[in-house]
Amino acid sequence: MHFDIKNRILIIKRIFGIRKFVLLLIACCYHEQVIYASELPEVTIAVVRDGDSWFFDALGSNIEAELTVLIQDKVKVTFDRDPAFNANWDISRIQSVLRNALDDPEVDIILTQGHLVMRAASSPNIELSKPVAGGYFQDAQSVGLLISPDGFSNKKNLNLVVSNKSVPEEIAAFKDMAGFKTLHALITREIMEGFEGIEGLIQDLEQRLGIKIVLTPMAGDTAEVLSRLPSDTEAVYIFPLLRMSERERLQLIGGLNARNIPTFAFIGLPSVERGVLAGMLPDVQRQIARRSALNIQQMIAGVSPNELPIFLSVEQRLYLNARTAAQIDFDPPFSSIRNVTYVDADDMGDDESLDLRKAIKMALETNYDYLIQKQITEINRHNKQIAFSPLLPQVNSSYSFTEIDEDRAAASAGNAPLRSNQTGIKLQQLIFNDSAISNFRASREAFKGSEWQEESLRLNVVQAVGVAYIRYLSARTLLFVARDNLKITRSNLDLARTRLRIGTSGPEDVYRFEAQEAADQIDVANAQSGEQKARVALNQAIGIDLNKKWRARDLTLSSPEFDVGYKRVSTNINSNSRLEALQEFLIAYSLEHSPELAAIDHSIRAQTIVLKQKKRQFYVPSVGAQFSYDRILNEDFNSTSPVTFGPDPDDDEWSFFVTVSLPIFEGTRRRFEVLRDKATLRQLQHTRDQIRQLVETRVQQAFFSISSSFPTIEFSTRAADRAEKNLNVVTDKYEQGVVNIIDLLDAQSQAFVQRQNAALAVYNLFEDFVQVQRSIAWFEFTKTQSEKVAWERDLDKFISKNQ
């Protein structure tokens, strides 16, 4: 009788057991009807859980991924998530779903997920006929696990990874911070109801700390949970929110913060990063998943679960969300947060959002240098009008009242009135005045030059803000990288402590990582300082309050701000001819559109006008006309008739004359004015040549920078990826005792440096884009879509013609 392969493998499993099964298949060669070379040994792992939860899904996926790496396609592992293994948060089904997996003949190993099924597996009432694994945050006591003095499970076939986490120690630290007398603890309803003996644990803790603890059961309704908390709630301890979605968890945290309630998270850092005030547990999910996967791998190889380590040593430290503390006006005693690690939680902040375009728009409204230059332009505008004024008619009016003493009036025989009132008007008009006309023409050129200077400064402001914004993003990213590196160091420190505890390494590894942790904390502090300095520099460039904080939008290679620049460089960088044509186009475009050259050209025109006028003043006269009219309103002769000779004149008097003026000799002033203005003109011409050279140099340098920074992105990204993979491999080998601490430190250092380089490479390219676009006086992130299309059209025409 012939059996298929699956049935034969099942028979062998039942005869030998899972512990010997894999070794037997590897060591022996069977008849071709039993097993073929292409077939892999199969192991089925039943996933037994309290119910559906985002947390179980994430942890299970991590365990599965770690196990896949460890077995390296030597064994076919199937994770069986049959509904019969899921209690669906029904307390009465907890033991039955575990028994279902134990009784299933196709199940080789059981992976427990959840507090309730772990307690059921630890119960002396259930005999475990198969290896049972699992991992969670809590300590061994909370799941009822008995541990031998040497750190192994005392129950046959049971291996649950537990940690040194202590809820009482966390609540004590929380009390020192918040000083509460009553603590509300949010806990999943089913866990509270299924946790035998929880009342006694709470009472012991209340007596030890001198506080009252109120357990508040919760499910998935955020509003219902918040409504059950009284208005005078002092503090809240949050157990894992297993039945809430990400949105509901954030709503709950936001609701508690809105009520200014201090919060503390059982899960620790991951919750603090989402807005919870404090926590003490680092992000250990990866460590739990890795330890669980390693133990399952050993079980597959036939090692007894009772011979595998279960204790995960975690270095707890206080994490505090600085933004949440500011939001709820939380000011803890300094003694309670002496060694705190602050978490910014940028996504939870209330700071104003900022992007590159908004920053530039604000700067052009508030930047002091630009505002000053705009007023200089306005002054030159008025100077131009002032210079034009002498060319217009000049009209003056007058009024006079005259009174002399009576003796003098009498002595004049009536010719000098005792009192008189007289008014008049005078009109003047320059017919031709070379100096005034030239002055107006020169002032007009000066005004146009001032407009170009304003444009140049506007471009400088855009450049300064663009560079400051990019450097702020760069500094912020370096801070993220430094924090991540600190997390890795702390994870490795925990690993070193675990190896010290189980005797696979000495205390020197712990000391080295503790020293590295201190050095990394210095790096984080320096990175935080660098971020704050970059933020102040950005605010200064914009021209606003230096203390202003932002939620700055990041820039990526797909960001629209540099879409044209990135596309054009990536298109042309692999062709030398196209690259050279692009360079020539940029130089030509910059010289044609440079505001600095336009400004100096207007200055040269103005000085040329002045010089020509100075040369003409030797032989060009000034011509002007004047008309005046006066009228005597009344005269008082003190009754003495004036002596008249001839007809008596009337009371009106007018005159009109034309003047032509040409200076003959004024010393040597005019000659030296000509010489001075010639020298000034030559100076301006040399300055223009210098500016032209500087403009071209600026384009060349910026272009060569892009030619270097563009491929650097690819190389640095590849280097960071390889360094990260190397770090993961070395970390696994260090955990297994294959490599020493020097190899791990070197791998971590290389990964840190390469992550920094990869992060900086993109921002360096963006900064080079800003420099190039400033050099050609064309910033794409200030242009409309039609302007971008027109610019690209000109570029394509130039390249196709000149490559």
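Residues numbered from 1 in each chain as written. Predicted model: local features only at pLDDT ≥ 70, side-chain atom pairs only at ≥ 80, totals over all residues. Heavy atoms only, no water.

Draft legend 1. The arrangement of the pattern of salt bridges in detail. Taken as a whole and assessed by the stated rule, the structure comprises 36 salt bridges. Arg228 is paired through a salt bridge with Glu224; the nearest N and O atoms lie 3.7 Å apart. Within this pair, Arg228 and its partner Glu224 are both found in helix H9 (residues 222-228), separated by 4 residues, close to a single helical turn. Assessed through its relative accessible area of 39%, Arg228 is described here as partly exposed. A salt bridge links Arg669 to Glu666; the shortest N-O distance between them is 2.0 Å. (Salt bridge = Lys/Arg side-chain N within 4 Å of Asp/Glu carboxyl O. Helix = DSSP H or I, 4+ residues; strand = E, 2+ residues; numbered from the N terminus. Buried < 20%, exposed > 50% of the residue type's maximum accessible area, 1.4 Å probe, protein only.)

Draft legend 2. Expanded view of the sheet that holds strand E9 (residues 263-265). Taken in spatial order, the 7 strands of this open sheet run E7-E6-E8-E9-E10-E12-E13, and their pairing is mixed. Looking at the sheet topology across the chains shown, the edges are occupied by strand E7 (212-218) and strand E13 (341-343). Strand direction decides the pairing type here: strand E6 (residues 182-188) and strand E8 (residues 235-238), joined by 4 bridges, are parallel. Each residue of the ladder has a partner; that of His184, found in E8, is Val236. This element, helix H8 (residues 198-209), spans E6 and E7 of the sheet and lies at about 145° to E7. (Pairing = 2+ DSSP bridges. Contact = heavy atoms within 4.5 Å. Axes fitted to C-alpha atoms, helices over the stretch in contact; angles between N-to-C directions.)

Draft legend 3. Representation of a positive patch on the surface in the model. Residues Arg441, Arg444, Lys448, Arg605, Lys612, Lys615, Lys678 and Arg682 make up a contiguous surface patch of positive charge. Within the residue set of the positive patch, elements represented by two or more residues are helix H17 (434-502), helix H21 (595-616) and helix H22 (669-735). The topology assignment puts Arg444 in helix H17. Look at Arg444 and you get partly exposed, because its relative accessible area is 33%. (Patch = residues over 30% accessible without salt bridge, like charges linked within 9 Å, V, L, I, M, F, W, Y side chains within 5 Å. Areas by Shrake-Rupley, 256 points an atom, 1.4 Å probe, with all protein chains shown as cover. Lys, Arg positive; Asp, Glu negative; His and termini not counted. Charge placed at Lys NZ, Arg CZ, Asp CG, Glu CD.)

Draft legend 4. The arrangement of unusual backbone geometry in detail. Of note, the phi angle at Asn88 is positive, near 50°, even though the residue is not glycine. Within the secondary structure layout, Asn88 lies in the loop between strand E2 (76-80) and helix H4 (94-103). The partly exposed category is assigned to Asn88, whose relative accessible area is 46%. Look at Asn260: it is not a glycine, yet its phi comes out positive at around 60°. Along the polypeptide, Asn260 turns up in the loop between helix H10 (246-258) and E9.

Draft legend 5. View of H4. Turning to H4, its buried residues number three or more, namely Ile94, Val97, Leu98, Ala101 and Leu102. Here the buried residues of H4 occupy an arc of 145° about the axis, which is enough to place them on one side. (Arc of directions from axis to C-beta.)

Draft legend 6. Structural view of the pairing of strand E3 (residues 109-113). The buried fraction of E3 is high, at 5 of 5 residues. With respect to chirality, the unit in which E3 leads through helix H5 (residues 115-122) into the neighbouring parallel strand E4 (residues 132-135) is right-handed. (Right-handed = clockwise from strand over helix to strand, strands pointing away.)

Draft legend 7. Geometry of the environment of Asn421. Within the secondary structure, Asn421 is located in strand E16 (residues 419-432). Accessibility expressed as a relative area gives 13% for Asn421, which makes it buried. Along the backbone, Asn421 and Arg631 are 210 residues apart, and their C-alpha atoms lie at a distance of 8.8 Å. Discounting chain neighbours no more than four positions away, the residues touching Asn421 are Tyr399, Ser400, Phe401, Arg631, Ile632, Leu633 and Asn634. Of the polar contacts made by the side chain of Asn421, one reaches the side chain of Tyr399; its length is 2.6 Å. (Polar contact = N/O pair within 3.5 Å; in protein donor to acceptor, adjacent residues only side chain to side chain.)

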